[in-house]
Amino acid sequence: MDRSLARLVHHPFAPPLQLYQAERALGLLPRHYSSSSKQWLTRQRNDPFVKAAQSQHYRARSAFKLVQVNEKHKFLRRGAVVVDCGAAPGGWAQVAAEKVIKRRRIVEELEGGDNGSRGSNGNDSNKSASRESVDKDNSTTDLRDGMVIAIDLLPIEPIPNVTIIQADFLEHKTQANVRRALGNRQVDVVCSDMAPLFSGNHSADHARSMELCESALDFAEKVLKPGGTFLCKVSQCHQPLISLLPSCQFYQFIARLTIAISQFLMGGTEQELKQSLHSRFRIVRHEKPEASRKKSTEGFFLCLGFGEGKARVA
Ligand SMILES: C[S@@+](CC[C@H](N)C(=O)[O-])C[C@H]1O[C@@H](n2cnc3c(N)ncnc32)[C@H](O)[C@@H]1O
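Residues numbered from 1 in each chain as written. Predicted model: local features only at pLDDT ≥ 70, side-chain atom pairs only at ≥ 80, totals over all residues. Heavy atoms only, no water.

Enquirer: Quick one: what's the story with the environment of Ser62, residue by residue and with numbers?
Expert: Tracing the backbone shows Ser62 in the loop between α4 (48-55) and α5 (63-73). Spatially, the C-alpha atoms of Ser62 and Gly90 are 9.2 Å apart, while their sequence positions differ by 28 residues. (Helix = DSSP H or I, 4+ residues; strand = E, 2+ residues; numbered from the N terminus.)

Enquirer: I'd love a proper account of the packing of α5 against helix α6 (residues 91-100), names of residues and values included.
Expert: α6 packs onto α5 with a crossing angle of 40 degrees between their chain directions and a minimal axis gap of 7 Å. In terms of orientation, α5 lies oblique with respect to α6. Contacts between α5 and α6 involve Ala63, Lys65, Leu66, Val67 and Asn70 from the first element and Gly91, Trp92, Val95, Ala96 and Lys99 from the second. By residue class, the composition of the contact of α5 with α6 is six nonpolar, two polar and two charged. (Axes fitted to C-alpha atoms, helices over the stretch in contact; angles between N-to-C directions. Parallel < 35°, antiparallel > 145°, perpendicular 65-115°, else oblique. Contact = heavy atoms within 4.5 Å. Nonpolar A, V, L, I, M, F, W, Y, C, P; charged D, E, K, R; others polar.)

Enquirer: How would you summarise α5 if you had to cite specific residues and measurements?
Expert: Most of α5 is tucked away: nine of the 11 residues are buried. Within α5, burial applies to Ala63, Phe64, Lys65, Leu66, Val67, Gln68, Val69, Asn70 and His73. Taken together, the buried residues of α5 touch α4, α6, β6 (224-235), β7 (281-287) and β8 (298-306). Two residues or fewer after α5 comes Lys74, characterised by a positive phi angle close to 50 degrees. (Buried < 20%, exposed > 50% of the residue type's maximum accessible area, 1.4 Å probe, protein only.)

Enquirer: Would you mind going over the site of the ligand in detail, with residue names and values included?
Expert: Around the ligand sit 21 residues, and of these Ser62, Gly91, Asp152, Asp168 and Asp193 come closest. At 3.4 Å, a backbone N or O of Ala87 approaches an oxygen atom of the ligand. A total of 600 Å² of accessible area belongs to the ligand in isolation, and the protein chains cover 86% of it. Among the residues making up the shell around the ligand, the classes are represented as 13 nonpolar, four polar and four charged. (Near = heavy atom within 4 Å. Polar contact = N/O pair within 3.5 Å; in protein donor to acceptor, adjacent residues only side chain to side chain. Areas by Shrake-Rupley, 256 points an atom, 1.4 Å probe, with all protein chains shown as cover.)

Enquirer: Give me helix α10 (residues 202-223): which residues, what numbers.
Expert: With 22 residues, α10 extends 32 Å between its outermost C-alpha atoms, agreeing within 8% with the 32 Å of an ideal straight helix rising 1.5 Å per residue. All of the buried residues along α10 are Asp205, His206, Ser209, Met210, Leu212, Cys213, Ser215, Ala216, Leu217, Phe219, Ala220 and Val223. (Expected span 1.5 Å × (residues − 1).)

Enquirer: Residues and numbers for a negative patch on the surface, please.
Expert: Taken together, the side chains of Glu211, Glu214, Asp218 and Glu272 make up a negatively charged region of the molecular surface. For the negative patch, the element with the highest residue contribution is α10, accounting for three residues. With respect to the helices, strands and loops of the structure, Glu272 is situated in helix α13 (residues 269-280). (Patch = residues over 30% accessible without salt bridge, like charges linked within 9 Å, V, L, I, M, F, W, Y side chains within 5 Å. Salt bridge = Lys/Arg side-chain N within 4 Å of Asp/Glu carboxyl O. Lys, Arg positive; Asp, Glu negative; His and termini not counted. Charge placed at Lys NZ, Arg CZ, Asp CG, Glu CD.)

Enquirer: So, unusual backbone geometry: which residues are in play, and what are the values?
Expert: The omega angle of the peptide bond from Ala88 to Pro89 is 5 degrees, so this bond is cis rather than trans. Mapped onto the elements, Pro89 comes out in the loop between β1 (81-85) and α6. With a phi angle near 60 degrees, His57 is a residue other than glycine that sits in the positive phi range. Counting through the fold element by element, His57 comes out in the loop between α4 and α5. For His57, a relative accessible area of 64% gives the class exposed. Look at Asn161: it is not a glycine, yet its phi comes out positive at around 65 degrees. Looking at the secondary structure, you find Asn161 in the loop between β3 (147-152) and β4 (162-166).

Enquirer: Can you break down the side chain of Arg61 residue by residue, with the values?
Expert: For Arg61, the position within the fold is in the loop between α4 and α5. Owing to a relative accessible area of 15%, Arg61 belongs among the buried residues under this scheme. Within the structure, Arg61 has its side chain in polar contact with the backbone oxygen of Ala291 (distance 2.9 Å). Setting aside residues no more than four positions away along its own chain, Arg61 makes contact with Asp47, Phe49, Val50, Ala53, Ala291 and Arg293.

Geometric descriptors of this kind do not, in isolation, establish any biological role.
Right, dumping it as structure tokens:
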């Protein structure tokens, strides 16, 4: 048995397509797949962003969503402090670290054999150790250099110069740990790609997604510096309707009009979220980067200029 393939199969962070190829080479896969598995595999094999992620050593194709939104709005700058909520397996955190941390430092640390990442799994036994390293680092860190803190329920393999916290972001003590890790630094960018495990019930999934979004916004309000940026994933409960209808412009127009009217009449959590974003930020944009699959219900709110919003949306 090929040892490197066997190692890949047991690796907790193996990229899905490589995992599939290794399992197939080792004869570990069933002969017949369900049609949805076949569809998933075909999509992965043909997806240009999966290939690009492999060649550019990103852990997930989702990295390109942040790359594309940032290319358009340029909010990840050298020296910025970034908090990445829902970061596993780490695609966005890799992109953020590349952009905000001085390359020289990453190279030096890699050459020195130290990958520079620090981890905390949120367990009590590890808390004091991780806190010590955070405090120690804050006293010696170059305050002009960038900083990235990545939080997720799932473990994240170390990323150079990224502080990793494995915990539930909805918990108060997790957010307190993040603020402790920040030391005295204010945050330039809070981003959230957090997504619940989808149940298939669109309204329930939408509600859970909104809860994650609101929690990220509450946190952003406490830590963002004036002029800061907030980027947040939202799953749109009406998106399935749009993707089910024929792509003909007329049907799409009718679907969007119906959705707009129903949202106007009923209000809705997304509308409320949008209003509170407008009241806090100068610019609020809804983004659907090319790397986000057309049929996916996700979209992103990009908010620029924290503290410069209108008190009330016109
Ligand atoms: C789409 S993935 C993020 C992908 C990531 N941006 C990347 O590029 O690698 C969504 C993540 O949100 C995380 N998540 C969901 N609820 C969470 C919570 N309450 N606290 C922390 N992470 C959460 C999930 O564990 C999952 O890893």
